[in-house]
Amino acid sequence: MQKKALITGLTGQDGSYLAELLLSKGYQVFGLVRRSSSGKVDRIRHLSGEVTILSGDLLDQCSLMDAIEQSQPHEIYNLASQSYVPISWTQPALTAEYTALGVSRLLESIRRCHPSSRFYQASSSEVFGQPDESPQTERTAFRPRNPYGVAKAYAHWMTINYRQQYGLYTCCGITYTHESPRRGTEFVFRKITQGAARIKLGLASELKLGNLEARRDWCYAKDAVHAMWLMLQQDQPDDYIIASGETHSVKELVECAFGCVGLRWQDYVSVDPSFYRPDEAVQLVGSIDKICKQLSWQPQYPFEQLVELMVDHDLKELTDRKA
Ligand code: GDP
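Residues numbered from 1 in each chain as written. Predicted model: local features only at pLDDT ≥ 70, side-chain atom pairs only at ≥ 80, totals over all residues. Heavy atoms only, no water.

*Asks:* Could you clarify how one ought to interpret the packing of helix α4 (residues 92–113) against helix α5 (residues 147–166) in this entry?
*Replies:* The relative placement of two packed helices is expressed as an angle between their axes plus a distance between the axes. Orientation of α4 relative to α5, taken along the N-to-C sense of each, is 15 degrees, at an axis distance of 8 Å. Judged by the angle between their axes, α4 and α5 are roughly parallel. The way α4 lies across α5 gives a crossing that is right-handed. In contact with Pro92, Thr95, Ala96, Thr99, Ala100, Leu101, Val103, Ser104, Leu107, Glu108 and Arg111 of α4, α5 contributes Pro147, Tyr148, Ala151, Lys152, Tyr154, Ala155, Met158, Thr159, Tyr162 and Tyr166. Taken together, the residues that form the contact of α4 with α5 break down as 14 nonpolar, four polar and three charged. (Axes fitted to C-alpha atoms, helices over the stretch in contact; angles between N-to-C directions. Helix = DSSP H or I, 4+ residues; strand = E, 2+ residues; numbered from the N terminus. Parallel < 35°, antiparallel > 145°, perpendicular 65-115°, else oblique. Left-handed = near helix turned anticlockwise from the far one by under 90°. Contact = heavy atoms within 4.5 Å. Nonpolar A, V, L, I, M, F, W, Y, C, P; charged D, E, K, R; others polar.)

*Asks:* Can you walk me through the side chain of arginine 163 in this structure?
*Replies:* By secondary structure assignment, the location of arginine 163 is in helix α5. On the accessibility criterion, arginine 163 (16% relative accessible area) is buried. A distance of 2.7 Å separates a polar side-chain atom of arginine 163 from the backbone oxygen of threonine 170. Separated by 2.8 Å, the side chains of arginine 163 and aspartate 239 make a polar contact. In this structure arginine 163 touches Leu168, Thr170, Cys171, Pro237, Asp238 and Asp239, once residues within four positions along its chain are discounted. (Buried < 20%, exposed > 50% of the residue type's maximum accessible area, 1.4 Å probe, protein only. Polar contact = N/O pair within 3.5 Å; in protein donor to acceptor, adjacent residues only side chain to side chain.)

*Asks:* Which parts of the structure should I look at to understand the UniProt feature "active site" (unreviewed entry) in the chain?
*Replies:* Those places that UniProt annotates as "active site" (unreviewed entry) correspond, in this numbering, to Tyr176. On the secondary structure map, tyrosine 176 appears in the loop between β6 (169–175) and β7 (178–179). When sequence neighbours within four positions are dropped, the list of residues in contact with tyrosine 176 reads Ser125, Phe128, Gln136, Asp217, Ile241, Ile242, Ala243, Leu284, Val285 and Gly286. A distance of 2.8 Å separates the side chain of tyrosine 176 from the side chain of glutamine 136, its partner in a polar contact. (UniProt positions renumbered as here; feature names shortened; annotations may be inferred.)

*Asks:* Can you walk me through the site of the ligand in this structure?
*Replies:* If you check the shell around the ligand, you find 14 residues, and the closest are Val188, Lys191, Gly210, Arg216 and Arg277. Here an oxygen atom of the ligand and a side-chain polar atom of lysine 191 are 2.7 Å apart. Side-chain polar atom of arginine 216 to an oxygen atom of the ligand: 2.8 Å apart, as the coordinates give it. Within the complex, 88% of the 540 Å² of free accessible area of the ligand lies under protein. Looking at the shell around the ligand residue by residue, the class counts come to six nonpolar, three polar and five charged. (Near = heavy atom within 4 Å. Areas by Shrake-Rupley, 256 points an atom, 1.4 Å probe, with all protein chains shown as cover.)

*Asks:* What exactly am I supposed to notice about the packing of aromatic side chains here?
*Replies:* The geometry of an aromatic ring pair is captured by two quantities: the separation of the ring centres and the angle between the planes. Scanning all chains against the criterion turns up 11 aromatic pairs. Ring plane angle 65 degrees and centroid distance 6.4 Å describe the contact between tyrosine 17 and tyrosine 220, whose orientation is recorded as edge-to-face. With a gap of 203 residues between them, tyrosine 17 in helix α1 (residues 13–24) and tyrosine 220 in strand β10 (residues 219–220) connect regions that are remote in the sequence. Measuring from centroid to centroid gives 6.3 Å for phenylalanine 189 and phenylalanine 303, while their planes differ by 80 degrees, and the two rings are edge-to-face. Pair noted here: phenylalanine 189 is in helix α6 (residues 188–200) and phenylalanine 303 is in helix α10 (residues 303–322), with a separation of 114 residues, a long-range link. Looking at phenylalanine 189, the relative accessible area reads 0%, which means it is buried. Look at phenylalanine 303 and you get buried, because its relative accessible area is 5%. Pairwise contacts between aromatic rings join Phe128, Phe142, Trp157 and Tyr176 into one cluster. Over the aromatic face of tyrosine 169 sits the side chain of arginine 118, whose NZ or CZ is 3.9 Å from the ring centroid. (Phe/Tyr/Trp six-rings, centres within 6.5 Å; stacked < 30°, edge-to-face > 60°. Lys NZ or Arg CZ within 6 Å of the ring centre and 35° of its normal.)

*Asks:* What exactly am I supposed to notice about the sheet that holds strand β2 (residues 28–33) here?
*Replies:* In a beta sheet, neighbouring strands pair by backbone hydrogen bonds and run either parallel or antiparallel. Strand order across the open sheet formed by seven strands is β3-β2-β1-β4-β5-β6-β11, with parallel pairing between neighbours. The open sheet has two free edges, formed respectively by β3 (51–55) and β11 (240–242), since each of these has just one partner strand. Each strand of the sheet is rotated relative to its neighbour by a mean of 25 degrees, with strand direction disregarded. Relative to β6, strand β5 (residues 118–124) is paired through seven bridges, and the arrangement is parallel. Across the sheet, the residue bridging to glutamine 121 is cysteine 172, located in β6. Contacts from α4 reach β1 (4–8), β4 (75–78), β5 and β6, with the element oriented near 170 degrees to β5. (Pairing = 2+ DSSP bridges.)

*Asks:* Got a minute to help me understand the domain arrangement of the chain in this structure?
*Replies:* You'll often see interface size given as the accessible area lost when the parts meet. Domain annotation of the chain identifies domain 1 (4–178 + 220–242) and domain 2 (181–217 + 246–284 + 301–322). On a C-alpha basis, the centres of domain 1 and domain 2 stand 28 Å from each other. Each partner contributes residues to the interface: domain 1 has 19 residues there, and domain 2 has 13 residues. Roughly 1500 Å² of surface becomes buried between domain 1 and domain 2 when both sides are summed, with 51% attributable to carbon and sulfur atoms. Its largest share of buried area at the contact with domain 2, domain 1 owes to Arg145, Thr177 and Tyr220, together 34% of the area lost on that side. (Domains from an automatic or database assignment. Buried area = accessible area lost by both parts, 1.4 Å probe.)

*Asks:* Help me understand the pattern of salt bridges in this model?
*Replies:* When charged atoms on two side chains of opposite charge get close, those side chains can pair. Summed over all chains, the structure comprises 16 salt bridges. With a closest N to O distance of 2.6 Å, arginine 182 and glutamate 20 form a salt bridge. Of this pair, arginine 182 sits in the loop between β7 and α6 while glutamate 20 sits in helix α1, and the two are 162 residues apart along the sequence. A salt bridge links arginine 190 to aspartate 314; the nearest nitrogen and oxygen atoms lie 2.6 Å apart. (Salt bridge = Lys/Arg side-chain N within 4 Å of Asp/Glu carboxyl O.)

Laid out in C-alpha cells, this is it:
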C-alpha cells in the first residue's frame with residue numbers, strides 16, 4: 001500500500017527536501033500551505049504535479065482537521081513555524097500562535113481525526129538557550145532565551161504529552177543549524193559560500209563579516225530530513241537530537257570556502273562590527289550519540305564536504321545567471 005505523508009512548511013528548506021525524499025521512497029505527499037505562502041514556491045517549483053497542495057493554516061483548527069481528513073496521512077511532519085528569532089521579539093504573541101499553539105491545534109486534530117498518524121515535531125536547539133552543559137543531550141534542561149525558543153519548548157512538551165496521555169506516535173527532533181543551497185544569504189554559511197563564489201567570478205571584491213570566532217554546529221539539511229523520516233519508522237516513538245555533533249568557527253568556514261575557489265581569504269574578508277551580535281549565544285553543540293546508536297544515523301556530509309557542495313552550487317548558479 002502506498003504510504004501518505006502530510007508536510008506543513010512545505011515551501012521551506014526542510015519541507016522541500018523532505019518532500020523530495022518521501023517522493024523518492026514512493027510516498028504520496030501532501031503539503032499544507034498558507035495562502036500567504038503560496039507565492040513562495042521557488043523551493044518546490046520542480047515538484048509541482050508531484051505534491052498535492054492543501055490550503056490550511058496552523059492558526060485555524062478547522063483547516064488542519066480538513067487537511068488530515070482529506071489526506072488520511074500515515075505520517076505528518078510539522079516543519080512550519082514563525083522561525084525567525086528577531087521577529088519573535090517584535091511579534092511574540094504571533095510567534096506563540098504559530099510555533100506553540102499551532103502544534104496544540106495540530107496534535108488535537110490528529111487525536112480527533114486520525115490518531116493512527118505518526119507525528120514529527122520540529123524542535124530546535126533554541127530550546128536550550130543558555131544550556132548548563134555542552135554538548136547538549138536529549139536530557140539537557142531547556143533554558144530558552146527568546147520567544148521563539150519558549151514557543152518551541154511548549155510545542156516540544158505538548159508533543160511528548162500527547163504521546164504519554166493518548167498513546168499517539170509522536171516524536172520531537174531537536175535540530176541544530178542545518179544548511180543547504182536553499183538557505184538564504186542572510187545566514188552566515190550561505191553568505192560565505194556565495195561570497196567566495198562571487199569574488200571568484202569577479203562579481204564582488206570583498207566580503208564583510210562579523211565575529212569570525214563564533215562557532216556553530218552545522219549540518220546538511222538533507223541529512224536532517226533523512227533523520228526525521230527515520231524517526232517515524234521505528235517501533236517506538238522517541239525524541240532525538242539531530243546535529244553534526246561538532247562545531248566549527250566562522251573563520252574555519254571562510255578558510256574552507258575560499259580554499260575551494262583557490263583564493264586566500266585574508267585578501268578579501270574584512271570584519272565589520274555592524275555584523276556582531278550584541279548577545280552572542282553560548283556554544284550550542286548537540287550530542288548525536290543517541291540517534292547514531294538507536295537509528296544508525298550518521299551525517300553523510302561532513303563540514304568540508306558541505307562547504308564544497310555549497311560553493312560548487314553557488315559558482316554554478318551565478319555562472320548560469322551571467323550566461
Ligand atoms: P544563527 O545565528 O544560528 O541563526 O545563524 P547565522 O548564520 O545568522 O549566524 C551564525 C554565527 O555567525 C553567529 O554566531 C554570528 O555572530 C556569526 N557571524 C559572523 N559574521 C556574520 C555575518 O556576517 N552574518 C551572520 N548572519 N552571522 C555572522
